[in-house]
Amino acid sequence: MKKNSRNPLKSPIGVALIAAASFGVIAVAQTALQQGNVSENLSSKAKALVDQDSERLQEIFKDIHQNPELGFMEVRTAGIVAKELETLGFEVKTGIGKTGVVGILKNGDGPTVMYRADMDANAVEENTGVPYASEVRVKREDGIEVPVAHMCGHDAHVTWMLGIAKAMVALKDDWSGTFIAVAQPAEEPITGAQAMLDDGLYTKHGVPVPDYLLGLHTAPGPVGMVIGAGGTRMAGTDQIDVTFYGKGGHGSRPHETKDPVIMAAAAITQYQMIVSRVVDPQETAVLTVGSVQAGTDNNVIPESALLKLNLRFFSLDVRAQMIEAIKSINNGIANTYKVPEDAMPTMVMKGFSPPLVNDPDLVEKLNRSLIPLVGEKNLVPNFPAVTGSEDFHVLAGENKNVKIAYLLVGIADPVEARKAIQDGRGFPFAAHSPDYKVDLSSIPVGTMVGLTMVLEVMANAPTE
Ligand code: ZN
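Computed from a predicted structure; not experimentally measured. (Residues numbered from 1 in each chain as written. Predicted model: local features only at pLDDT ≥ 70, side-chain atom pairs only at ≥ 80, totals over all residues. Heavy atoms only, no water.)

(A) Fine view of the layout of surface pockets. One number sums up the size of the second largest pocket: a volume of about 490 Å³. As for the second largest pocket, its lining consists of 20 residues, of which Pro-354, His-393, Ala-396, Gly-397 and Lys-400 are closest to the centre. Among the secondary structure elements, those contributing two or more residues to the lining of the second largest pocket are helix 6 (192-198), strand 16 (356-358) and strand 18 (403-412). Looking at which element gives the most residues to the lining of the second largest pocket, the answer is strand 16, with 3 residues. (1 Å grid on protein atoms, 1.4 Å probe; cavity = no way out; pocket = protein on both sides within 12 Å on 5 of 7 lines; lining within 4 Å. Points joined across faces, edges and corners; volume = space filled by probe spheres on them. Helix = DSSP H or I, 4+ residues; strand = E, 2+ residues; numbered from the N terminus.)

(B) Quick look at helix 3 (residues 40-66). Along its 27 residues, helix 3 runs 37 Å from first to last C-alpha, staying within 8% of the 39 Å computed at 1.5 Å per residue. Its maximal kink placed at Ser-54, helix 3 deviates by approximately 50 degrees. Along helix 3, the positions that sit buried rather than exposed are Leu-42, Ser-43, Ala-46, Val-50, Asp-53, Ser-54, Leu-57, Gln-58, Ile-60, Phe-61, Ile-64 and His-65. Of the surrounding secondary structure, the elements contacted by the buried residues of helix 3 are helix 4 (75-87), helix 5 (154-170) and helix 11 (442-458). (Expected span 1.5 Å × (residues − 1). Bend = angle between axes of the 7 residues up to and from the residue. Buried < 20%, exposed > 50% of the residue type's maximum accessible area, 1.4 Å probe, protein only. Contact = heavy atoms within 4.5 Å.)

(C) Highlighting the pattern of salt bridges. Applying the stated criterion across every chain yields a total of 23 salt bridges. Across the salt bridge formed by Arg-140 and Asp-142, the nearest N and O atoms sit 2.9 Å from each other. What makes Arg-140 partly exposed here is its relative accessible area of 31%. Residue Asp-142 is classed as partly exposed on the basis of its relative accessible area, which comes to 44%. (Salt bridge = Lys/Arg side-chain N within 4 Å of Asp/Glu carboxyl O.)

(D) Inspection of the sheet that holds strand 7 (residues 212-222) at higher detail. Spatially, the 8 strands line up as an open sheet ordered 1-2-6-3-7-18-8-17, and their pairing is mixed. Whereas interior strands pair on both sides, the edge strands pair on one side only; in this sheet they are strand 1 (91-96) and strand 17 (379-380). Summarising the sheet, strand 1 and strand 2 (residues 100-107) pair through 4 bridges and their orientation is antiparallel. Within the sheet, the bridge partner assigned to Lys-93 lies in strand 2 and is Val-102. Where helix 5 meets the sheet, its contacts fall on strand 2, strand 3 (112-118), strand 6 (177-184), strand 7 and strand 18, and the angle it forms with strand 3 comes to roughly 150 degrees. Those strands touched by helix 11 are strand 3, strand 6, strand 7, strand 8 (226-227) and strand 18, and its axis lies near 150 degrees from that of strand 7. (Pairing = 2+ DSSP bridges. Axes fitted to C-alpha atoms, helices over the stretch in contact; angles between N-to-C directions.)

(E) Structural view of the confidence of the model for the protein chain. With 92% of its residues at a pLDDT of 70 or more, the protein chain has an overall mean of 93. A low-confidence stretch, residues 1-16 stays under pLDDT 50, and its non-local contacts, those more than four residues away or across chains, total 22 contacts. Here residues 18-33 is modelled with pLDDT under 50, and outside its nearest four sequence neighbours on either side it reaches 22 contacts, counting other chains as well. (pLDDT = per-residue confidence, 0-100.)

Encoded structure:
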C-alpha cells in the first residue's frame with residue numbers, strides 16, 4: 001500500500017473527525033439509498049432488548065474493568081464469558097489457546113458468523129478517576145510486578161459481545177445460521193488469535209469455519225461515532241527479540257572482551273537506516289526498539305545484550321525486506337567484532353500479524369444498516385489506515401474465503417470529544433494511555449452496533 005498522501009494539517013485523524021462531525025459524509029449518502037437487511041421493525045426490537053439490558057451490561061463492564069487481566073492470564077474474564085454463554089444456551093468450549101472461550105449458537109440453515117472480542121488488559125497504571133478504576137498489580141512471567149488496567153477498551157469489547165449474545169438468543173425467530181461468539185486472549189502481544197488456531201480452534205475443538213468474521217474496537221472518538229471503512233485498515237506487525245552475544249569481562253579492559261552493549265547500540269542506530277535507506281520511501285515502515293537489556297554493573301562488560309523490536313508495515317514485501325536487513329545488520333556488526341560462528345546474534349520471532357484488510361463490499365453492506373442506527377453524519381466510511389495493529393483477522397486462519405469486517409466505535413464522552421476536536425487535539429485521550437476512559441453510555445451503543453452488524457448478515461428476509 002502506498003503511504004497516505006500528506007495532509008497539510010497536522011493530524012489526518014483529527015481532520016477526518018472534524019469533517020465527519022461538521023459536514024456529514026458524502027460518500028455514504030450515495031449508498032444510503034439502498035436499504036440494509038435489518039428492517040426498521042427488527043432494529044427497534046433489537047434496540048428495546050439492548051436498552052432493557054443496558055444496566056446489567058454496564059455492571060458487567062465495571063466488574064471486568066475493575067478486575068483486568070493481562071494476556072493469557074484472563075482466567076476470571078474467560079470465566080464470566082463462559083458462564084454467561086452457557087446460561088444463554090450456547091455450546092461453550094473453554095481453554096482454547098490457554099484462556100480463549102468459544103460459544104456456538106446454531107439456529108437453522110444460514111451463514112456462519114463469528115464475532116470476536118479480545119479480553120486482555122494493559123500493563124498501565126490507570127488514571128481515569130472513575131469509581132471502578134483498577135488498582136490491580138500482577139507479577140508477570142519475567143518476575144516484574146506491573147500495574148494492570150483496561151486502557152484499550154477490551155473490557156467494553158467483551159461486554160458488547162455478551163450483550164449481543166443475549167439479544168441474539170431473544171431474537172432467534174428473526175435470523176438463521178450459526179452464530180459464534182469468541183473471547184480471545186492476548187491481543188496486545190499479537191499472539192492470542194494464533195494461539196487459538198495452534199490449539200486447533202477449527203480442528204481439535206471443531207468450531208465451524210465462519211463465512212463472516214466480525215469485530216469492533218473502541219476508538220477515542222465521541223460515543224455514537226462509527227468508523228466503517230473498507231480495504232487496508234491497520235498495519236501488519238512483528239515482535240522480534242534480537243540477542244547479541246559477546247565475551248564479558250572487566251570494564252577497564254575492553255580489549256580483552258567482545259562488548260555486546262556496543263554491538264546492540266550500533267544495531268539500534270543502523271536499524272533506522274533500514275527505514276530511511278532500504279525501504280521505498282513511498283511505502284510505510286516503522287521499526288521501533290522498545291527495550292534494551294544488558295548488564296547490571298557500571299564496570300562489568302556483560303556476556304549478552306537483548307533488544308526488543310517492533311515492526312509495522314502495510315506490505316509483506318516490506319516486512320521481508322526489513323527482516324532480512326535486520327539479520328544482515330546483526331551479522332555485519334558481529335563480524336566487525338569477530339564474534340565466533342557459534343555465537344552469532346539470534347532473532348526470535350515472537351508474534352506476527354499481517355495487515356488488517358476489511359472486505360469493502362461487506363463493510364458497505366454493514367454501513368447500510370448502521371446509518372439508520374447512528375445517523376449518517378456519525379458514520380465515517382473513509383478513515384485513513386493506521387500503523388496500529390490487530391490480530392483479529394488472524395482468527396480466519398488459512399481460510400481465504402472468510403469475509404472480514406472490523407469497525408471502530410467511539411467511546412469518549414461526547415462533550416470531552418468535541419472539546420478535543422475544537423482544541424485541535426483530535427482525541428481527548430489515546431489508547432494505552434492512563435486516562436483512556438470508556439463512557440458508560442457507549443456500552444448499549446456499542447452493543448447495538450455489533451448486534452446490527454451481526455443481524456445485517458444473519459437476519460431473515462422481511463416477510464411483508
Ligand atoms: Zn486493543
